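Observations on the three-dimensional arrangement
Given next are the chains, with one letter for each unit.
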Amino acid sequence: MGAAASAGGGGSIRLLVADDQALVRGALSALLGLEPDIEVVAEAGRGDEVVGAALAADAQVAMLDIEMPGIDGIAAAAELRAAMPSCRVIIVTTFGRPGYLKRAIQAGASGFVVKDTPATQLADAIRRVHRGERVLDPTLAAESLAQGDSPLTERETDALALARTGGSVADIARMLHLSEGTVRNHLSAAIGKTGGRNRADAARIAESNGWL
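Calculation notes
- Residues numbered from 1 in each chain as written.
- Predicted model: local features only at pLDDT ≥ 70, side-chain atom pairs only at ≥ 80, totals over all residues.
- Heavy atoms only, no water.
- Helix = DSSP H or I, 4+ residues; strand = E, 2+ residues; numbered from the N terminus.
- Buried < 20%, exposed > 50% of the residue type's maximum accessible area, 1.4 Å probe, protein only.
- Arc of directions from axis to C-beta.
- Contact = heavy atoms within 4.5 Å.
- 1 Å grid on protein atoms, 1.4 Å probe; cavity = no way out; pocket = protein on both sides within 12 Å on 5 of 7 lines; lining within 4 Å.
- Points joined across faces, edges and corners; volume = space filled by probe spheres on them.
- Nonpolar A, V, L, I, M, F, W, Y, C, P; charged D, E, K, R; others polar.
- Pairing = 2+ DSSP bridges.
- Axes fitted to C-alpha atoms, helices over the stretch in contact; angles between N-to-C directions.
- Parallel < 35°, antiparallel > 145°, perpendicular 65-115°, else oblique.
- Left-handed = near helix turned anticlockwise from the far one by under 90°.

On to the environment of Asp116, then. Relative to the helices and strands, Asp116 resides in the loop between strand E5 (111–114) and helix H6 (119–130). With 22 residues separating them along the chain, Asp116 and Thr94 place their C-alpha atoms 7.6 Å apart.

Val50, Val51, Ala53, Ala54 and Ala57 are the residues of helix H3 (residues 50–57) that are buried. Projected down its long axis, H3 shows its buried positions confined to an angular sector of 165°, all on one face. Those residues of H3 that are buried are in contact with strand E1 (13–18), strand E2 (38–44), strand E3 (61–64) and helix H4 (73–83). Residue Asp58 follows H3 closely and has a positive phi angle near 55°.

Attention now goes to the layout of surface pockets. By volume, the second largest pocket amounts to about 160 Å³. Around the second largest pocket, the lining residues are Ile66, Glu67, Met68, Asp72, Tyr100, Arg103, Arg164, Glu207 and Leu212. Residues of the lining of the second largest pocket, tallied by class, amount to 4 nonpolar, no polar and 5 charged.

Along the chain, the position of Thr157 falls in helix H8 (residues 154–164). On the accessibility criterion, Thr157 (19% relative accessible area) is buried. Those residues in contact with Thr157, other than ones at most four positions away along the chain, are Leu152, Trp211 and Leu212.

Sheet strands pair via backbone hydrogen bonds, and the direction of the pair is either parallel or antiparallel. Ordered by their spatial adjacency, 6 strands build an open sheet running E2-E1-E3-E4-E5-E6, and the pairing between neighbours is parallel. Of all the strands in the sheet, just E2 and strand E6 (135–136) have a single pairing partner and so form its edges. Note that strand E4 (residues 88–93) and E5 share 4 bridges and pair parallel. By the bridge assignment, Val92 is partnered in E5 with Val113. With respect to the sheet, helix H2 (residues 22–33) is in contact with E1, E2 and E3, its orientation differing from that of E2 by roughly 165°.

Here the phi dihedral of Asp58 falls at roughly 55°; this positive angle occurs in a residue that is not glycine. Mapping Asp58 onto the fold places it in the loop between H3 and E3.

With that settled, consider the packing of helix H10 (residues 180–194) against helix H11 (residues 199–208). At a minimum axis distance of 9 Å, the contact between H10 and H11 shows a crossing angle of 55°. Viewed along their axes, H10 and H11 adopt a mutual orientation that is oblique. In this structure, H10 meets H11 at a crossing whose hand is left-handed. Contact residues: H10 offers Leu187, Ala190, Ile191 and Thr194, while H11 offers Arg199, Ala202, Ile205 and Ala206.

A few words on the side chain of Ser29. Examined against the element boundaries, Ser29 turns out to sit in helix H2. Take Ser29: its relative accessible area is 9%, and that puts it in the buried class. If sequence neighbours within four positions are ignored, Ser29 has contacts with Val17, Val40 and Glu43.

Pasting the structure below:
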């Protein structure tokens, strides 16, 4: 099916749809598959399945959710752009957070839209990304500019991300190959920068801003 579709009639846009919720993934695939110039050639339910599925199906555009097991959609976007530069990426997510948008662009995504985007607009976004354009949710783009970059350093981000999962200072120190005193300093700095009451609150604030 793939070779015939790509060779005939000017070629449909070969789309990969990745979402961990089978119902959502199926609905998106069905809706977009109704478009005359879009062919859903692959699906994935995990972030770490994206690259293999895209390569096997020779996808031209990958539509990725952010929240997926294995690796998240932003990390999957970076891996896909490295492994298959010809495949453009559009992030479609429930979580409209300015920090996510910036991270997605840094990972090489060409588009970032929220899931409540009407199907006709989503199909148009896929076409535009396929043509080489950049498509960003206008509200998120404005909020992202207003918010500025994450105030957290890379190490503070790492420590806070591990603290979010309930790791102790000793656990975090072991995983990051740092001393416990250094980890405490990073967590203290992160709490101060986010305005959190404690490290759990700081992690919640950072996550809500898309910094984790």
